[in-house]
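The chain contents come next:
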Amino acid sequence: MLSKKLSATPGTALYASLHVHHLSTPKMPSEETKERIIKAVDLARTVVHYGWIPFIIYVGYTRSNPQPSLIKLISPLA
């Protein structure tokens, strides 16, 4: 009877299949990591919610030619 020794040395098919299987099973994040991601997304959502209109006004002010005075931009009566 001829027995074949399985070798998991680099360069063999068994070694490659073991590493492919290892890479295809991702780890699940911990509860602490999930909470941090949720907090970061909530913070980003709040920043975008309150910062979008001032950002658009800033971009319009800096890109316009000629630039209006700041008092004309802020005050509707000026």
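As named in an unreviewed UniProt entry, the protein is Tom7-domain-containing protein, taken from Lentinus tigrinus ALCF2SS1-6. In UniProt, the protein has this text filed under Subcellular location (unreviewed entry): "Mitochondrion outer membrane". Quoted verbatim from the Sequence similarities (unreviewed entry) field of UniProt, the annotation for the protein is "Belongs to the Tom7 family."

Focus: the overall build of the protein
Helix and strand counts for the protein come out as three helices and zero strands. The order of helices and strands in the protein, counted from the N terminus, is α-α-α. With an accessible surface of roughly 7,800 Å², the protein has 68% of that area assigned to carbon and sulfur atoms.

Remarks on the packing of aromatic side chains
All told, the structure shown has one aromatic pair when counted by the stated rule. When the ring of Trp 52 is compared with that of Phe 55, the centres are 6.2 Å apart and the planes differ by 40 degrees; the resulting orientation is tilted. Residue Trp 52 and its partner Phe 55 are both found in helix 2 (residues 31–63); the two are separated by three residues, about one turn of the helix. What makes Phe 55 partly exposed here is its relative accessible area of 45%.

Focus: the confidence of the model for the protein
When pLDDT is averaged along the protein, the result is 78; 67% of the residues meet or exceed 70. Taking the mean pLDDT of every element in the protein, the minimum, 56, falls on helix 1 (residues 13–24) and the maximum, 93, on helix 2.

Some points on a nonpolar patch on the surface
Residues Val 48, Trp 52, Ile 53, Phe 55, Ile 56, Ile 57, Tyr 58, Leu 70, Leu 73 and Ile 74 make up a contiguous nonpolar surface patch of roughly 1,100 Å² in combined accessible area. The set of elements that each furnish at least two residues to the nonpolar patch consists of helix 2 and helix 3 (70–74). Here the nonpolar patch takes seven residues from helix 2, the largest share from any one element. Looking at where Leu 70 falls in the secondary structure, it is placed in helix 3.

Conventions adopted
- Residues numbered from 1 in each chain as written.
- Predicted model: local features only at pLDDT ≥ 70, side-chain atom pairs only at ≥ 80, totals over all residues.
- Heavy atoms only, no water.
- UniProt positions renumbered as here; feature names shortened; annotations may be inferred.
- Helix = DSSP H or I, 4+ residues; strand = E, 2+ residues; numbered from the N terminus.
- Areas by Shrake-Rupley, 256 points an atom, 1.4 Å probe, with all protein chains shown as cover.
- Phe/Tyr/Trp six-rings, centres within 6.5 Å; stacked < 30°, edge-to-face > 60°.
- Buried < 20%, exposed > 50% of the residue type's maximum accessible area, 1.4 Å probe, protein only.
- pLDDT = per-residue confidence, 0-100.
- Patch = residues over 30% accessible without salt bridge, like charges linked within 9 Å, V, L, I, M, F, W, Y side chains within 5 Å.
- Salt bridge = Lys/Arg side-chain N within 4 Å of Asp/Glu carboxyl O.

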